[in-house]
Amino acid sequence: MNNDDDGSLEGVVAAHTVLSEVDGAAGRLVIRGHALDEIAQRWRYEDVVALLFEGFFDPWPQADGLRAAIGRARREAFERLQPNDDALLRRLPPIEAVRALLARLPDGDDLPTALRLVAAPAVYTAAVMRWRLGVQALAPDETLPHAADMLRMLHGRTPTAAQGAALDTYLVTVCDHGLNASTFAARVVASTGAGLASAVLAGISALKGPLHGGAPGPVLDALDAIGTAANARAWLEEAVADGQRLMGFGHRIYRVRDPRADALKGALRRLGAEGSVDAGRLALAEAAEQAALAILREKKPGRALETNVEFYTALLLEALGFGRESFTCVFAAGRVGGWLAHAREQVRKGRLIRPQSVYVGPAPKDAAAPETPETPATPETPEPVLAH
Ligand code: ACO
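Structural notes, computed from the coordinates.

Cut-offs and rules
- Residues numbered from 1 in each chain as written.
- Predicted model: local features only at pLDDT ≥ 70, side-chain atom pairs only at ≥ 80, totals over all residues.
- Heavy atoms only, no water.
- Near = heavy atom within 4 Å.
- Polar contact = N/O pair within 3.5 Å; in protein donor to acceptor, adjacent residues only side chain to side chain.
- Areas by Shrake-Rupley, 256 points an atom, 1.4 Å probe, with all protein chains shown as cover.
- Nonpolar A, V, L, I, M, F, W, Y, C, P; charged D, E, K, R; others polar.
- Phe/Tyr/Trp six-rings, centres within 6.5 Å; stacked < 30°, edge-to-face > 60°.
- Helix = DSSP H or I, 4+ residues; strand = E, 2+ residues; numbered from the N terminus.
- Buried < 20%, exposed > 50% of the residue type's maximum accessible area, 1.4 Å probe, protein only.
- Lys NZ or Arg CZ within 6 Å of the ring centre and 35° of its normal.
- Axes fitted to C-alpha atoms, helices over the stretch in contact; angles between N-to-C directions.
- Parallel < 35°, antiparallel > 145°, perpendicular 65-115°, else oblique.
- Left-handed = near helix turned anticlockwise from the far one by under 90°.
- Contact = heavy atoms within 4.5 Å.

### Details of the site of the ligand
Moving on, step 1. By nearness alone, 21 residues border the ligand, and Leu-246, Gly-248, Phe-249, Arg-252 and Asn-308 come closest of all.
Moving on, step 2. Within the side chain of His-212, a nitrogen or oxygen atom sits 3.0 Å from an oxygen atom of the ligand.
Moving on, step 3. The separation between an oxygen atom of the ligand and a polar side-chain atom of Arg-252 is 2.8 Å.
Moving on, step 4. For the ligand, whose accessible area on its own is 910 Å², the fraction buried by protein is 76%.
Moving on, step 5. Classifying every residue of the shell around the ligand by side-chain character gives ten nonpolar, six polar and five charged.

### Considerations on the packing of aromatic side chains
Moving on, step 1. Taken as a whole and judged by the stated rule, the model has three aromatic pairs.
Moving on, step 2. Arranged with centres 5.2 Å apart and planes meeting at 50°, the rings of Phe-249 and Phe-311 form a pair that is tilted. Of this pair, Phe-249 sits in the loop between α12 (232–241) and α13 (259–273) while Phe-311 sits in helix α15 (residues 309–319), and the two are 62 residues apart along the sequence.
Moving on, step 3. By relative accessible area, Phe-249 is classed as buried at 13%.
Moving on, step 4. Taking the relative accessible area as the measure of exposure, Phe-311 reaches 3% and is therefore buried.
Moving on, step 5. Here the aromatic residues Phe-249, Phe-311 and Tyr-312 are joined through ring pairs into a cluster of three or more.
Moving on, step 6. In this structure, Arg-344 packs its charged tip against the face of Phe-57, placed 5.2 Å from the ring centre.

### Quick word on the packing of helix α10 (residues 196–207) against helix α16 (residues 327–349)
Moving on, step 1. Interaxial distance between α10 and α16 falls to 9 Å at its minimum, and their mutual angle equals 135°. By the angle class used here, α10 and α16 are oblique. α10 and α16 meet at a crossing whose hand is right-handed. Contacts from Leu-196, Ala-199, Val-200, Gly-203, Ile-204 and Leu-207 of α10 reach α16 at Thr-328, Phe-331, Ala-332, Val-336, Trp-339, Leu-340, Ala-343 and Arg-344.
Moving on, step 2. Taken together, the residues of the contact of α10 with α16 sort by class into eleven nonpolar, two polar and one charged.

Any functional reading would require information beyond the geometric quantities listed.
Below you can see the structure in the form of structure tokens.
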């Protein structure tokens, strides 16, 4: 479908990419030749960054070299923090504080620039969340895996292997997803030649919205308001009757269950096995999910609305001790790998993204040609013709 009058660009193909394929009918996500199920449980985030980046940067390090380079980049990102950042940024919503810190990073198109941008959201999210608690930011430990170090910088202690693995599953699961709104924004900016930092800033700005990456915090708000499994149906029914959207449900592309929801549910179950998940919370979430799906089937019969990635994101990140106001920042820490690879892919195409619009505004009142002056004006230096 091409809804060219509703502004959604639904159904419009705007890029050919080697990076990921989202099959909305089958509920399948492929990341550069690997099914999500194959990599979500086993890969570290650094490995999926290597997969996404390969061929887009020259020179290219070995896989182990890339892991070490991301560790060094975390240290470099941390060293850029200024003594008064805490006071300046702690009152901003975390996503805005992280965006402000990312905006300081230098632009460029090379691998060191890209690795700095991969590393920085994890470092700055942990720092901002600690400042909000009134405690100092912690320096990275370059020797740890990226996900485990993000948890260590947040909590001040090395996470268990299961906790590190659960965050790796999350970051890998959300690393790329076709031409979603934030990736499209990043590609548009990259196509102007602005540089990778600018493309990432465009991406994070798009991610911030509640219809895209801002949904998981409100998922928890809804669970808190529902309170008990017995109350789920009544609460959710009232919300839909009130015209609200149920956060964590529905997707522009998926017409079946979002495969990322199951990858994250699996990570939650594994984390639960070591006692790191509140069983009552999980049971409430499962009851709310079933009630929401039933209500959406009844009330929106024309639209297949299923659980999306954000529902179990909320529960997983909560179990890992991230405050709900930081969830979009953690999403950015994963999606940044995809933004950067897409930005490089777009730059390699070498053309500006510049679609057209159809003017539907009023016609000029007087369409007559302006009078020609009797004395020709002195010729001036012509204005450069800009492609607006
Ligand atoms: N709850 C209730 N109704 C919904 C929901 C929902 N979660 N999602 C869509 N609908 C309804 C719409 O109100 C609309 O109903 P109507 O025709 O009676 O007006 C119908 O379903 C179709 O909706 P669309 O606007 O066409 O759906 P669209 O493809 O534009 O939206 C979106 C997709 C934005 C994700 C939507 O489903 C939504 O708002 N979900 C809740 C927010 C959310 O979870 N966002 C995260 C998405 S995943 C991600 O970006 C990482």
